[in-house]
Amino acid sequence: MKSQQTFPDPGISREDDPFESLRQAKPSRSFQEMAHQLAAASEAHQHRPRTQLGNLAMPVRVLLSRPALAAYAAALLLIGACNVPTEYSKTIGYSMRVSAEGNPQTIVEKVKSQAGEALSNVEVTIDQLSDGAERSEMLFTFSESTIDHQALSRQVKALEGVQLVTVEPIDHEFRGNLLTGLLHKTFDVEINITDLTEAQVEQAIREELESWGLDADVTYSRSEDEGKERIEIKATIDDTTAVKEPVRIKLVDENNPEDAQVKKRKVVRKKLQQ
Amino acid sequence: MKAEEKITEQFLQLLKPHYQAAASYCRGLNPDHHDDILQEALLKALRGFPSLRDHSQFKSWLFRIITREAATFHRRYFWRRFLEWDSAQWERHHDAVAGLQTEELYQLLHALDHLPRKKRETILLFEIGGFAITEIAAFYLESESAVKSRLARTKRELKQWLIAGLRESTKPRTMLEMYDEVATDFSRSRN
């Protein structure tokens with residue numbers, strides 16, 4: 001007997017072949033059923049429409065059936081995206097031109113209160129007309145692209161004396177790679193300006209940028225504007241520097257907690273005159 | 001009769017004697033999705049049948065397609081594990097697995113499930129497909145001795161898993177099964 005032959009080694013004790021149950025297992029579909037389905041499928045396959053989408057589906061199927069290959073292809077794509085240089089345009093803010101009659105003070109105040117920190121610059125020109133009336137032209141510059149400029153322009157249009165409101169996006173060309181283009185990644189530089197004079201802040205910004213390989217001309221000014229502190233930074237960076245992402249400078253003042261909200265300013269990258 | 005119909009008929013004639021073995025082979029490779037694998041493999045085989053010149057090689061050609069299809073299905077299953085199954089799907093799956101088999105078949109499939117894919121393929125080709133060692137060696141482009149030693153190792157592993165399965169089984173054991181259990185314990189205690 002088979003079991004006696006295997007003793008005392010552990011073995012399969014059944015007299016039957018263990019594979020016999022699998023050999024005898026009834027298929028889920030009988031041969032006739034399967035034959036019928038195969039014939040029908042073959043017929044349908046011959047008359048199937050050949051589409052461009054069908055051709056595209058093939059590589060997708062190959063990738064789906066090979067997870068390791070799919071991961072490898074994804075890694076290659078990512079590396080490629082990090083190395084392919086590209087230029088891309090992004091809206092970095094808006095400019096709003098307003099024409100109005102009379103005193104522009106109300107309009108400026110309204111826009112300032114609505115836009116908050118997003119308002120980076122205001123230019124006002126007042127013309128004296130021959131009949132003695134005043135006509136003002138205002139140019140508001142918003143440094144944030146996320147501002148709801150449409151709602152703001154509607155509110156300004158509704159103000160008394162406003163004749164014309166036009167809003168235009170401020171686009172900027174950036175150079176980077178495909179990945180930064182997709183993510184629009186910014187290069188952040190944080191500088192602590194606690195107890196520093198204007199000249200020292202200017203120097204600190206310059207040094208910090210230099211440490212990152214960014215050769216920049218920096219001017220920094222702080223002024224009181226109707227009781228509110230106004231900080232202005234102008235930095236021009238050589239476009240040939242190593243860092244290609246848009247630069248964002250953050251200033252932190254620990255002595256002024258209310259104002260210690262991190263100030264963010266995008267530095268416009270400009271090509272230096274040869 | 002159209003040329004395509006002739007080809008299909010010829011294919012089905014050649015398939016008929018091997019259908020049972022092919023279905024069992026699929027079941028052994030993947031008990032959960034054997035029917036899908038079999039259908040997909042047979043469809044591929046039918047489409048590729050005109051390219052098969054030597055019809056005497058039909059069986060090994062068919063089993064090669066099934067083996068490849070099972071491997072593809074296994075790889076494709078990698079993505080499915082990220083998809084959540086609903087309870088109805090689980091029930092259907094459970095019914096399909098639980099309802100199909102006898103206790104012996106369940107034990108065998110459970111034991112086969114513990115084997116690596118290549119070992120499982122080799123033993124199934126040998127036991128279910130009825131292929132000779134020479135044919136299996138040609139199948140994997142390996143030497144006969146490599147196939148022989150793999151088969152021997154696989155059989156040993158399978159025996160251990162079958163015995164472990166029998167111990168866990170709720171089915172009343174036969175005298176022979178109990179006898180073997182005692183023999184196993186005896187040999188373990190000596191080691």
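These numbers come from a predicted model, not from an experiment.

Cut-offs used in this document
Residues numbered from 1 in each chain as written. Chains lettered and ligands numbered in written order. Predicted model: local features only at pLDDT ≥ 70, side-chain atom pairs only at ≥ 80, totals over all residues. Heavy atoms only, no water. Helix = DSSP H or I, 4+ residues; strand = E, 2+ residues; numbered from the N terminus. Buried < 20%, exposed > 50% of the residue type's maximum accessible area, 1.4 Å probe, protein only. Contact = heavy atoms within 4.5 Å. Core = buried A, V, L, I, M, F, W, Y, C linked by side-chain atoms within 4.5 Å. Pairing = 2+ DSSP bridges. Phe/Tyr/Trp six-rings, centres within 6.5 Å; stacked < 30°, edge-to-face > 60°. pLDDT = per-residue confidence, 0-100. Expected span 1.5 Å × (residues − 1). Axes fitted to C-alpha atoms, helices over the stretch in contact; angles between N-to-C directions. Salt bridge = Lys/Arg side-chain N within 4 Å of Asp/Glu carboxyl O. Patch = residues over 30% accessible without salt bridge, like charges linked within 9 Å, V, L, I, M, F, W, Y side chains within 5 Å. Areas by Shrake-Rupley, 256 points an atom, 1.4 Å probe, with all protein chains shown as cover. Lys, Arg positive; Asp, Glu negative; His and termini not counted. Charge placed at Lys NZ, Arg CZ, Asp CG, Glu CD. Parallel < 35°, antiparallel > 145°, perpendicular 65-115°, else oblique. Left-handed = near helix turned anticlockwise from the far one by under 90°. Nonpolar A, V, L, I, M, F, W, Y, C, P; charged D, E, K, R; others polar.

Our next topic: the overall build of chain B. Broken down by element type, chain B carries ten helices and zero strands. Along chain B, helices and strands appear, N-terminal first, in the series α-α-α-α-α-α-α-α-α-α. Expressed as a percentage of the 191 residues in chain B, the buried residues total 43%. In chain B, the proportion of contacts linking residues at least 24 apart, taken out of those at least 6 apart, comes to 64%.

Generally speaking, a soluble globular protein has its nonpolar side chains buried in company with each other. Counting residues in each nonpolar core, the largest one holds 54 residues, and the members touching the most others are B:F11, B:L15 and B:L112. Those residues in contact with B:L15, other than ones at most four positions away along the chain, are A:F31, A:L38, B:L42, B:F58 and B:L62.

Residues and elements named next belong to chain A. The sheet contact formed by strand β1 (residues 85–101) and strand β4 (residues 162–177) spans 15 bridges and is antiparallel. Note that in β4 the partner of G93 across the bridge is I170. Of the strand pairs in this sheet, β1 and strand β3 (residues 134–142) are connected by eight bridges, and their pairing is antiparallel. Looking at the pairing, S95 lines up with T141 of β3.

This part is about the packing of aromatic side chains. Residues and elements named next belong to chain B. Considering all chains together, one arrives at nine aromatic pairs over all chains under this definition. Ring geometry for F11 against F58: centres 5.7 Å apart, planes inclined by 75°, an arrangement best described as edge-to-face. Residue F11 is found in helix α1 (residues 3–15), and its partner F58 is found in helix α4 (residues 58–80); the two are separated by 47 residues along the sequence. Across this residue pair, the class does not change: F11 and F58 are buried. By the ring-pair criterion, three or more aromatic residues cluster together here, those being F11, F49, F58 and W61.

On to the confidence of the model for chain B. Confidence along chain B averages 81 in pLDDT terms, with 73% of residues attaining 70 or more. With a pTM of 0.51, the predicted complex shows an ipTM of 0.74.

For the rest of this paragraph, the subject is helix α3 (residues 34–48) of chain B. Over its 15 residues, α3(B) runs 21 Å from end to end, which matches the ideal 21 Å to within 8%, given 1.5 Å per residue. Listed as buried for α3(B) are B:H34, B:D35, B:I37, B:L38, B:A41, B:L42, B:L43, B:A45 and B:L46.

Residues and elements named next belong to chain A. Read from one edge to the other, the open sheet built from four strands follows the order β2-β3-β1-β4, with strand pairing classed as antiparallel. Of all strands in the sheet, those with a lone pairing partner are β2 (119–128) and β4, marking the two edges. The average angle at which neighbouring strand axes cross in this sheet is 15°, direction not considered. Against the sheet, helix α6 (residues 105–115) touches β1, β2, β3 and β4, its axis set at about 15° to β3.

Now for the pattern of salt bridges. On inspection of all chains with the given rule, the structure shows ten salt bridges over all chains. For B:K44, the salt bridge is made with B:E69, and the minimal N-O distance between the two is 2.6 Å. Taken together, the positions of B:K44 in helix α3 and B:E69 in helix α4 put the pair 25 residues apart, joining distant regions of the chain. Judged by relative accessible area, which is 2%, B:E69 ranks as buried. A cluster of three or more residues bridged by salt bridges with shared partners is formed by A:E20, A:R23, B:E127 and B:K155.

For the rest of this paragraph, the subject is unusual backbone geometry. All names here are of chain B. Backbone geometry places L141, a non-glycine residue, at a positive phi of 55°. Mapped onto the secondary structure, L141 falls in the loop between α8 (133–140) and α9 (144–168). Judged by relative accessible area, which is 79%, L141 ranks as exposed.

As a further point, take a negative patch on the surface. There is a patch of like negative charges on the surface, built from A:E43, B:E4, B:E5 and B:E9. Considering every element that reaches the negative patch, the biggest residue donor is α1(B), with three residues. Residue position: A:E43 is located in helix α3 (residues 31–46). We classify A:E43 as partly exposed; its relative accessible area is 33%.

Attention now goes to the environment of B:L112. One can find B:L112 in helix α6 (residues 103–113). Sequence separation between B:L112 and B:N30 is 82 residues; the distance between their C-alpha atoms is 9.5 Å. Not counting chain neighbours up to four residues away, the residues in contact with B:L112 comprise A:F19, A:L22, B:G28, B:R120, B:I123, B:L124 and B:L158.

Okay, the packing of α6(A) against helix α7 (residues 149–157) of chain A next. Residue and element names in this part refer to chain A. Relative orientation of the contacting elements α6 and α7 amounts to 155°, with a least axis distance of 11 Å. Accordingly, the angle class assigned to the pair α6 and α7 is roughly antiparallel. When the axes of α6 and α7 are compared, the crossing they make is right-handed. In contact with I107, K110, V111 and Q114 of α6, α7 contributes L152, Q155 and V156. Considered class by class, the residues forming the contact of α6 with α7 number four nonpolar, two polar and one charged.

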